[in-house]
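Commentary on secondary and tertiary structure
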Amino acid sequence: MLADKIAYGFRPRRSTADAIAQCFNRLSKKGSARWVLEGDIKSCFDKIGKDWLLNNIPMDKQILDKWLTAGYIDKGIFYHTEEGTPQGGIISPTLMLLTLRGLEKTAKQAAPRKSDKVGIIAYADDFVITGASKDVLENKVKPAIEVFLKERNLELSQEKTKITKIDDGFDFLGFNIRKYNGKLLIKPAKQNVLGFIRNVREVIKKNKATSAGELISILNPKITGWGYYYRHVVAKQTFSYVDHKIFESIFQWAKRRHPNKGTNWIVNKYYARRTRRWVFKGQTKRANGCITQRKRVYMDSIAIKRHTKIKMDATPYDPAYKEYFEKRSDKKRYNTWKDLPKTAL
């Protein structure tokens, strides 16, 4: 309840989908802000000022001091925590949220006029700030943010912090946000698409001797998970492209296994024929000896559905929102079940 309303990371019942939906709300209208400051805090968790935390975090100071100096163990080696918050510590995300509390207020006070169109969307230590012009962001908002961070022993990464026109687009949380002829479109970021395809190819190559059914068991959760992350934006074309690349990689996997067999033989062995496409199939054997038939999930069968953003003030710690979150959870479960991706069309 103490964090900024515009903070979506490391908070229960909030997600990247909420942050992206807020980006759409801030930038999609004809009269919306035209410029965006992409903020990147340099080594946020490693550099947060210990003295500032002890003086400003509302909790027992002795316990907090012990947490901050506890150190951490990585691969059997103990590391002292000389500054910042412990790597991987369960309290570190909360401390980071409270450290950045007031970021929204600082940005809006730096450019208080409504015509400045200043707004902020934050997820963990990543944030974007909207503005009516490059001048507003560069000469008013950015200096104020730098002062705000300096008080906490933090600083912006000058290499990664950029001011971008919305017509040129920018990447945020794995999404590309850009206006095309005045229309805002949010798509999976190209870098993330290519990275996912590389990851799937590596998985397929590492499983040269794996059965078709076991390979499907490995791939389907990856395909479904990645698709569900992007199902709330303009992703249908991207899903089809990814499906095609996965099809190519699987077919090459099958050809390597049977170098002396022709295409028809491979298709008959590994694919179920459907009207629109070939569906990769296989079998897995359960511990009880039962055979399970499996088919590869096609990402473009995942329904595209706009995300309903969480209310700004809503928090599960406030009893007044109990019914709101119950209805929201019920709707999410129903939609997840109803829109399960199909293995074949």
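In what follows, the accompanying structure is described. (Residues numbered from 1 in each chain as written. Predicted model: local features only at pLDDT ≥ 70, side-chain atom pairs only at ≥ 80, totals over all residues. Heavy atoms only, no water.)

**Describing the sheet that holds strand S5 (residues 126-131)**
- Pairing in this open sheet of 4 strands is antiparallel, and the strands run S4-S5-S1-S6 from one edge to the other. Two strands in the sheet have a free side with no partner beyond their single neighbour: strand S4 (119-123) and strand S6 (162-165). Neighbour-to-neighbour, the strand axes of the sheet open up by a mean angle of 20 degrees, direction not taken into account.
- Along the sheet, helix H7 (residues 134-150) makes contact with strand S1 (35-40), S5 and S6, crossing S5 at roughly 135 degrees. (Pairing = 2+ DSSP bridges. Helix = DSSP H or I, 4+ residues; strand = E, 2+ residues; numbered from the N terminus. Axes fitted to C-alpha atoms, helices over the stretch in contact; angles between N-to-C directions. Contact = heavy atoms within 4.5 Å.)

**Some points on helix H9 (residues 212-229)**
- Taking 1.5 Å per residue as the helical rise, H9 with its 18 residues ought to reach 26 Å, and the 26 Å between its terminal C-alpha atoms agrees with that figure.
- The sharpest bend along H9 reaches about 25 degrees and sits at Leu219, with the proline Pro221 one to four residues further on.
- Looking at H9, one finds that the buried residues are Ala212, Gly213, Leu215, Ile216, Leu219, Asn220, Ile223, Trp226, Gly227 and Tyr228. (Expected span 1.5 Å × (residues − 1). Bend = angle between axes of the 7 residues up to and from the residue. Buried < 20%, exposed > 50% of the residue type's maximum accessible area, 1.4 Å probe, protein only.)

**Observations regarding the nonpolar core**
- Among the nonpolar cores identified, the biggest contains 53 residues, and Phe172, Ile177 and Phe280 are the most heavily contacted of them.
- Apart from the residues lying within four places of it in its own chain, the contact partners of Phe280 are Ala212, Leu215, Ile216, Ile250, Trp253, Tyr270, Tyr271, Arg294, Lys295 and Arg296.
- Counting residues in each nonpolar core, the second largest holds 35 residues, with Ile41, Leu97, Val118 and Leu156 among its members. (Core = buried A, V, L, I, M, F, W, Y, C linked by side-chain atoms within 4.5 Å.)

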